[in-house]
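# Residue-level structure breakdown
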Amino acid sequence: RSPSPRIPNTDVSALEDFTLPGSICDEAALSFSRLALTTDPHKAPWENLHEFNAANPALVRVPTLVIAGDQDPYVGWEAQRELFERLG
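Okay, so let's go over this structure. Because the structure is a prediction, the values reported are computed rather than measured. (Residues numbered from 1 in each chain as written. Predicted model: local features only at pLDDT ≥ 70, side-chain atom pairs only at ≥ 80, totals over all residues. Heavy atoms only, no water.)

### A few points about the overall build of the protein
Put simply, the test is: Per the convention used, a helix needs a DSSP run of H or I reaching at least four residues, while a strand needs a run of E reaching at least two, with both numbered from the N terminus. Contacts: residue pairs with any heavy atoms within 4.5 Å of one another. Only the protein chains shown count as cover for residues, and all accessible areas are computed by the Shrake-Rupley method using a 1.4 Å probe. Positive charges come from Lys and Arg, negative ones from Asp and Glu, while His and the chain ends are left out of the count. By convention, the point assigned to a charge is CZ for Arg, NZ for Lys, CD for Glu and CG for Asp.
Helix and strand counts for the protein come out as four helices and zero strands. The linear arrangement of helices and strands in the protein, starting from the amino end, is α-α-α-α. For the protein, the spread of C-alpha atoms along the three principal axes comes to 35 × 35 × 20 Å. Looking at the protein alone, contacts between residues at least 24 apart form 67% of all its contacts between residues at least 6 apart. Looking at the protein as shown, the accessible area adds up to about 7,200 Å², and 61% of this sits on carbon and sulfur atoms. Both charge centroids of the protein, one from 7 positive and one from 13 negative side chains, sit 8 Å from each other.

### A look at a nonpolar patch on the surface
Short version of the rule: Only residues above 30% relative accessible area that lack a salt bridge enter a patch, with like-charged residues linked at up to 9 Å and the nonpolar side chains Val, Leu, Ile, Met, Phe, Trp and Tyr linked at up to 5 Å. When a carboxyl oxygen of Asp or Glu lies within 4 Å of a side-chain nitrogen of Lys or Arg, that pair is called a salt bridge. Under the scheme applied here, a residue whose accessible area is under 20% of the maximum for its type counts as buried, over 50% as exposed, and between as partly exposed, the area being computed with a 1.4 Å probe on protein chains only.
Together, F18, I24, F32, W46, L49 and F52 make up a nonpolar patch on the protein surface, roughly 590 Å² of accessible area in all. Relative to the helices and strands, L49 resides in the loop between α2 (26-39) and α3 (50-54). Exposure remark for L49: the relative accessible area of 42% places this residue in the partly exposed category.

### With respect to the pattern of salt bridges
In this structure the tally under the stated criterion is two salt bridges. Measuring nitrogen to oxygen at the nearest pair gives 2.2 Å for the salt bridge that ties E78 to R81. One end of the pair is E78 and the other is R81, both in helix α4 (residues 77-86) and three residues apart, which spans about a single turn. Judged by its relative accessible area of 53%, E78 falls in the exposed class.

These results come straight from atomic positions and should not be treated as a statement about function.
Rendered as structure tokens:
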């Protein structure tokens, strides 16, 4: 399979990748998007998210930090705890 084309990112696209409207204040969102664009000016390719379902945390053999945000709109505490408990 060929790699996804590198698509230039924008402030709006950076926010769409990692935040939900209303999840953080406008000032913080703008700071986040500008930092995201500075760090990586290309849009993240999200078309293969199904590959995460095939990942087996028990096979991870390196130190791993699992970070959970108390206001994360995408992944709740229970899912993060389950991931941590399943790490090898």
